[in-house]
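What the coordinates show
Chain by chain, the residues:
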Amino acid sequence: MLTLDNVHAYYGDAHILQGVSLAVGAGEVVALFGRNGAGKTTTMRTIMGLNRAAPGHITLDGTELSRLPAHRVARAGVGYVPSGRRVFAALTTGQCLSLAAGRQRGGWARAWRQGGSADGSPPAGPGNPWTIDRVHSIFPKLVELADRRAGLLSGGEQQMLKLGQALLRNPRILLLDEPSEGLAPAVVAEMSQWITTLRQEGMSVLIAEQNVRFTMAVIDRGYLLAKGRIRFEAAARDLAGSPELHEHLAMGTARTDLGDRQ
Amino acid sequence: MHSLVLDIAGTLSAAANLFVVAAGLTLVFGAMRIINMAHGSFYMYGAFAVTTVLGVGAGWRFWLALLAGAVVAAVAGLTVEVTVIRRLYDAEHLTQLLATYAVLLIFADIGQRIWGTGYRTVNPPPVLASGISIAGGQVPRYQLFVIGVGAAVGLALWLMLARTRFGWLLRAAVQDPESVATGGTNLAWLRTGVFVIGAFLAGLGGALIAPMQSIAPGMDVSIIVSVFIVVTIGGLGSVAGAALGALLIGLAQTLGAEFFASWAASLIYLTMIVVLAIRPWGLLGVPER
Ligand SMILES: Nc1ncnc2c1ncn2[C@@H]1O[C@H](COP(=O)(O)OP(=O)(O)OP(=O)(O)O)[C@@H](O)[C@H]1O
Ligand SMILES: [Mg+2]
């Protein structure tokens, strides 16, 4: 489904991605592990067309993405959930969802039209089409938050919102950048639940994480990224006991243990 | 008493006209962080386009002329965005100023080729030519019309930003353009759209003012100075601020003309200095991140 082949990326002179190759199959949930600064976010940004892959190839079901601008990558079916509190702070939760749902109907010019039914492009991804009602059914909390400004939501609520927005665009694959970052343990557990649900629906997911414990429970396979290169790749059950992974992510696991004790 | 009503109508109509132009400028700045000097050109083209469509006649053609003024400016805006502005989004403010000033100079030259170097005047449409007596004063109907257009533009912009998906998208793009793009929106066309709306408003303002003052080369520069003051007072990027700023400047103009004729221009700058001394980010502005 999604394939990266020898992808390089630079910030100015800094050579950040030094030949990353990885693949996510249809319906597969794959982790991209790596400690701070390893290049996880850069990998996702490069897939999204926010950084240029130079050189390198990124394909989605055979379609070359690496020369496309971000909005074309999104329209090709890649849903991106960035890390942190990256929501449209000034809009209400309901407006954010409505904007994302509006995308189902094509170009922004059609955004002038309000309400109405989805009459646009056919559903692309697995388990589609996503509607606001359906997002509300998996995140009931978002119903009561509809009129609250997105900037005021808690970290966990913002994760729900970001995930909901991404789903409403009916992606074929989701890129989740550190979905457990800054979340209370109980919310992290919920996050695993949501990802598991998506996985059961056949959604393909690439998760960038440092939190091994959380991620292990939901993935099929994982890659370890270090200093801009893929260090190794393994199935989930082989990763779990891997000393190399734990050594690499010493800080990440320590953080999880702390979190568990709180 | 007569003159008070007339003064109020004069102030409000001047403010309404300034607001229409300033709203376009502040919308573009708010959405794109671009300071567009060529906004003055769009205004001037709007006014001159009215004179072309109207010719010597008046009557129903006035409404066509008004629309034509705004549309000519919108087309000019489209051209400028696609050829110049698009390359400037990541540039320094100074570069943006210089480049859009260059565009203003080019438009001024082209304008003189088309419309000459002399001044022109047009009449308001017959239905709006007379006065209407309010509280004993004969208020020009055309002034009331301009006030109405100003209010309508304000309401339309507010509805657009608060109630439509397009408006939400704009506000989202102000905060986080990248996330708007990764949500599947073509930012380039979103920005073009905003810029064209801004140019349309400049042209509408120019077309509206046409029957109220003589139309001449140089009005591009004089308006840009006025609306810059309006939007700085109101707070760059704030449409409501542009309305407040326009009211203050309209008031300063009227008071200046009435009581300190030789100081009229200074009063406007003085207003700006006082406001900025108290609120450096403008009345409704927010400090830049
Ligand atoms: N805009 C930028 N300009 C220059 N260097 C950058 C930029 N963004 C990231 N980097 C550098 O690129 C490297 C990879 O960063 P990246 O954000 O991809 O890491 P990450 O694996 O996502 O880390 P984290 O777990 O902390 O999010 C880091 O060394 C970082 O300092
Ligand atoms: Mg990161």
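On a predicted model such as this, the values are computed, not experimentally measured, just so you know.

The rules behind the values
- Residues numbered from 1 in each chain as written.
- Chains lettered and ligands numbered in written order.
- Predicted model: local features only at pLDDT ≥ 70, side-chain atom pairs only at ≥ 80, totals over all residues.
- Heavy atoms only, no water.
- Phe/Tyr/Trp six-rings, centres within 6.5 Å; stacked < 30°, edge-to-face > 60°.
- Helix = DSSP H or I, 4+ residues; strand = E, 2+ residues; numbered from the N terminus.
- Buried < 20%, exposed > 50% of the residue type's maximum accessible area, 1.4 Å probe, protein only.
- pLDDT = per-residue confidence, 0-100.
- Contact = heavy atoms within 4.5 Å.
- 1 Å grid on protein atoms, 1.4 Å probe; cavity = no way out; pocket = protein on both sides within 12 Å on 5 of 7 lines; lining within 4 Å.
- Points joined across faces, edges and corners; volume = space filled by probe spheres on them.
- Nonpolar A, V, L, I, M, F, W, Y, C, P; charged D, E, K, R; others polar.
- Near = heavy atom within 4 Å.
- Polar contact = N/O pair within 3.5 Å; in protein donor to acceptor, adjacent residues only side chain to side chain.
- Areas by Shrake-Rupley, 256 points an atom, 1.4 Å probe, with all protein chains shown as cover.
- Axes fitted to C-alpha atoms, helices over the stretch in contact; angles between N-to-C directions.
- Parallel < 35°, antiparallel > 145°, perpendicular 65-115°, else oblique.
- Salt bridge = Lys/Arg side-chain N within 4 Å of Asp/Glu carboxyl O.
- Core = buried A, V, L, I, M, F, W, Y, C linked by side-chain atoms within 4.5 Å.
- Pairing = 2+ DSSP bridges.

**Description of the packing of aromatic side chains**
Residue and element names in this part refer to chain B. Enumeration over the complete set of coordinates arrives at ten aromatic pairs over all chains. Look at Phe 42 and Phe 107: their rings are 6.1 Å apart centre to centre, the planes differ by 80°, and that puts the pair in the edge-to-face class. Highlighted residues: Phe 42 in helix α2 (residues 39-54) and Phe 107 in helix α4 (residues 93-115), separated in sequence by 65 residues. Of the two residues, Phe 42 and Phe 107, neither departs from the other in class, the shared state being buried. Relative to Trp 115, the ring of Phe 48 lies with its centre 5.1 Å away and its plane at 15°, an arrangement referred to as stacked. Of this pair, Phe 48 sits in helix α2 while Trp 115 sits in helix α4; the two residues are 67 residues apart in sequence, bridging distant segments of the chain. Phe 48 sits in the buried class, given a relative accessible area of 2%.

**Regarding the confidence of the model for chain A**
Residues and elements named next belong to chain A. Averaged over every residue, the pLDDT of chain A is 84; the share at 70 or more is 85%. Ignoring residues within four places in sequence, the model shows residues 106-123, a span with pLDDT below 50, making 31 contacts including any to other chains. Every residue in residues 251-262 scores below 50 in pLDDT, and together they form twelve contacts with partners more than four places removed in sequence or on other chains.

**Some points on the layout of surface pockets**
Residue and element names in this part refer to chain B. Estimated volume of the largest pocket: approximately 950 Å³. In this structure, the largest pocket is lined by 34 residues; those nearest its centre are Arg 33, Leu 236, Gly 237, Ser 238 and Val 286. Elements supplying a minimum of two residues to the lining of the largest pocket: α1 (2-32), α5 (141-163), α6 (165-175) and α10 (239-259). Take the lining of the largest pocket: its biggest share by element is six residues, from α5. Looking at side-chain class alone, the lining of the largest pocket contains 20 nonpolar, ten polar and four charged residues.

**Let's talk about the site of ligand 1**
Residues and elements named next belong to chain A. As a matter of local geometry, ligand 1 sits amid Tyr 11, Ile 16, Arg 35, Asn 36, Gly 37, Ala 38, Gly 39, Lys 40, Thr 41, Thr 42, Glu 178 and Gln 210. Here an oxygen atom of ligand 1 and a backbone polar atom of Ala 38 are 3.2 Å apart. One of the side-chain N or O atoms of Lys 40 is found 2.7 Å from an oxygen atom in ligand 1. Coverage of ligand 1 by the protein chains reaches 57% of its 630 Å² of free accessible surface. In terms of residue count, helix α1 (residues 40-47) provides more of the shell around ligand 1 than any other element does, three residues in total. For the shell around ligand 1, the per-class residue count stands at three nonpolar, six polar and three charged.

**Quick look at unusual backbone geometry**
Along the chain, A:Ala54 connects to A:Pro55 via a cis peptide bond; the corresponding omega equals -10°. For A:Pro55, the position within the fold is in the loop between α1 and β4 (57-60). In this structure, B:Arg33 is a non-glycine residue whose phi angle is positive, near 55°. Within the element layout of this structure, B:Arg33 appears in the loop between α1 and α2.

**Remarks on the packing of helix α3 (residues 93-102) of chain A against α6(B)**
A packed helix pair is summarised by two numbers, namely the angle formed by the two axes and the spacing between the axes. Relative orientation of the contacting elements α3(A) and α6(B) amounts to 105°, with a least axis distance of 10 Å. As judged from the angle between their axes, α3(A) and α6(B) are roughly perpendicular. In this structure, α3(A) uses A:Gln95, A:Ser98, A:Leu99 and A:Gly102 to contact α6(B), whose residues at the interface are B:Arg165, B:Trp168, B:Leu169, B:Arg171 and B:Ala172. Of the residues assigned to the contact of α3(A) with α6(B), the class counts are four nonpolar, three polar and two charged.

**Re the pattern of salt bridges**
Counted under the stated rule, the structure contains ten salt bridges over all chains. Residue B:Glu178 pairs with A:Arg45 through a salt bridge whose shortest N-O separation is 2.8 Å. Here B:Glu178 is found in helix α7 (residues 177-182), whereas its partner A:Arg45 is found in helix α1 on a different chain. Under the relative-accessibility criterion, B:Glu178 is labelled partly exposed at 27%. Its salt-bridge partner being A:Arg86, residue B:Glu178 comes within 2.9 Å of it at the nearest N-O pair.

**Topic: the nonpolar core**
With 135 residues, the main nonpolar core has A:Phe33, A:Leu174, A:Ile219 and B:Phe42 as its most contacted residues. Top element by residues in this core is α1(B). It accounts for 13 residues. By size, the runner-up hydrophobic cluster in this structure holds 30 residues, among which are A:Val7, A:Met44, A:Leu65 and A:Leu175.

**So, the sheet that holds strand β9 (residues 221-226) of chain A**
All names here are of chain A. In space, the six strands of this open sheet follow the order β6-β7-β8-β3-β9-β10, with mixed pairing throughout. The open sheet is flanked by β6 (78-81) and β10 (229-235), the only strands paired with a single partner. Here the average twist between neighbouring strands, direction ignored, is 15°. The pairing of strand β3 (residues 29-33) with β9 spans four bridges and is classified as parallel. Looking at β9, one finds that Val 30 is bridged to Arg 221.

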